[in-house]
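Observations on the three-dimensional arrangement
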Amino acid sequence: MPMLADIEDPPRSRTPGLLLGLLVALPIGIAFLAVVVPYLVNAVLSGASGLDDRIGQEKAYMDAVCTQALALPRDEKLCGCVLATEYAGLDCQAPFMQWSVERQQEHCGVAENKKAALSFCTCVETIAATMSEAPDDASVLSEAQAYRRCQELPDAVYLPTIEALGGSVSE
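Notes on the structure in this doc start here. As a convention, each chain's residues are numbered from 1 in the sequence order in which they are written. Under the rules for a predicted model, residues below a pLDDT of 70 receive no local features and side-chain atom pairs below 80 are neither given nor counted, while totals for whole chains, interfaces and linings still include all residues. Computation of side-chain values covers all heavy atoms of the structure but excludes hydrogens and water.

**A short note on the state of the cysteines**
- Counting rule for disulfides: a pair of cysteine sulfur atoms within 2.5 Å. As enumerated under the stated definition, the model contains four disulfides in all.
- Here C108 pairs with C121 through a disulfide, and the sulfurs are 2.2 Å apart. Classification of the bridge connecting C108 and C121 rests on its S-S torsion, roughly -75°, and on that basis the disulfide is left-handed. With C108 in helix 5 (residues 93-108) and C121 in helix 7 (residues 118-132), the pair connects residues that are 13 residues apart, well separated along the chain. Like C108, the residue C121 is buried in the burial classification.
- Disulfide partner of C123: C150, at an S-S distance of 1.8 Å. Note on the C123 and C150 pair: the S-S dihedral is about -80°, so by sign convention the disulfide is left-handed. Linking C123 in helix 7 with C150 in helix 9 (residues 147-151), this pair joins segments that are 27 residues apart in sequence.
- For the protein, the disulfide bridges join cysteines in the arrangement 1-2, 3-4, 5-6, 7-8, where the cysteines are counted in sequence order. Comment: elements are numbered from the N terminus, with helices defined as DSSP H or I runs of at least four residues and strands as E runs of at least two. Exposure classes here rest on a 1.4 Å probe applied to the protein chains alone. A residue is buried below 20% of its type maximum, exposed above 50%, and partly exposed in between.

**Some words on the packing of helix 7 against helix 8 (residues 137-144)**
- Between N-to-C directions, angles span 0 to 180 degrees; the directions come from axes that are lines fitted to C-alpha atoms, helices contributing only their stretch in contact. Two elements in contact, helix 7 and helix 8, have axes whose closest approach is 8 Å; the angle formed by their N-to-C orientations is 165°. The angle between the axes of helix 7 and helix 8 places the two elements in the roughly antiparallel class. Of the two elements, helix 7 crosses helix 8, and the hand of that crossing is right-handed. Counting all contacts with helix 7, which are made through I127, T130 and M131, the residues of helix 8 involved are V140, E143 and A144. Angular relationships are summarised with four words: roughly parallel below 35 degrees, roughly antiparallel beyond 145, roughly perpendicular across 65 to 115, and oblique for the angles in between. When the near helix sits turned anticlockwise from the far one by under a right angle, the crossing is termed left-handed; a clockwise turn instead gives a right-handed crossing. Whether two residues are in contact is decided by their heavy atoms, any of which lying within 4.5 Å being enough.

**Overview of the pattern of salt bridges**
- In the sections that follow, a salt bridge refers to a side-chain nitrogen of Lys or Arg positioned within 4 Å of a carboxyl oxygen of Asp or Glu. Evaluated as defined, the whole model comprises seven salt bridges.
- A salt bridge links E125 to K114; the nearest nitrogen and oxygen atoms lie 3.1 Å apart. Of this pair, E125 sits in helix 7 while K114 sits in helix 6 (residues 111-116), and the two are 11 residues apart along the sequence.
- Salt bridges sharing common partners tie together R54, E58 and R148.

**What to know about the packing of helix 5 against helix 8**
- Interaxial distance between helix 5 and helix 8 falls to 8 Å at its minimum, and their mutual angle equals 75°. On the basis of their axis angle, the class for helix 5 and helix 8 is roughly perpendicular. Here A94, P95, M97, Q98 and V101 of helix 5 lie close against helix 8, whose contacting residues are V140, L141 and A144.
- Asp, Glu, Lys and Arg are counted as charged, while Ala, Val, Leu, Ile, Met, Phe, Trp, Tyr, Cys and Pro are counted as nonpolar; the rest, among them Gly, fall into the polar class. The residue inventory of the contact of helix 5 with helix 8, partitioned by class, reads seven nonpolar, one polar and no charged.

**A closer look at helix 2 (residues 15-68)**
- A helix is expected to span 1.5 Å multiplied by its residue count minus one. Along its 54 residues, helix 2 runs 76 Å from first to last C-alpha, staying within 8% of the 80 Å computed at 1.5 Å per residue.
- Residue L33 marks the point of greatest curvature in helix 2, where the axis turns by about 30°.
- Inspection of helix 2 places I55, E58, Y61, M62, A64, V65 and C66 among the buried residues, and these make up the whole buried set.
- Against the buried residues of helix 2 lie helix 3 (72-82), helix 4 (88-91), helix 5 and helix 9. The seven residues ending at a residue and the seven starting there each receive a fitted axis; the angle between those axes is the bend at that residue.

**Thoughts on the side chain of D75**
- Along the chain, the position of D75 falls in helix 3.
- We classify D75 as buried; its relative accessible area is 0%.
- Beyond its immediate stretch of four places on either side in the chain, D75 contacts V65, A69, L70, G80, W99 and R103.

Now the structure itself:
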């Protein structure tokens, strides 16, 4: 119901403000959709692709360790998980990180190797010390997850080859 004030002094039309808002917002929205959205989609997809590649490589390595270079005292926890699960690349990440820290700790125990990769070996030794102080197995596996940060260091060392672990490569 119109009021007396509205009859004597009608409200201004909202159309000019709406058109001005559209003129300002439309180019910004189009630019956002054309530039930012494809960038975000590409970032997510490339990150997922990199993760898939890394998990595939780790699964192949775990399978090779557990089939070609199995040493029971050394590999028992890792291979117990790998051989018991269908998706070892995903399901066995925690035991694999613990196993990796232990192998890298062996590598860094040699003075020449430690000197060649000082920051990496320091990182591995710190994680190994934290793991040894953990109160239970779940905490050990949790602490081992920090090994990913060591892998990103510039002087990071790859895990030992299957041949170095005592396995044979059959082609």
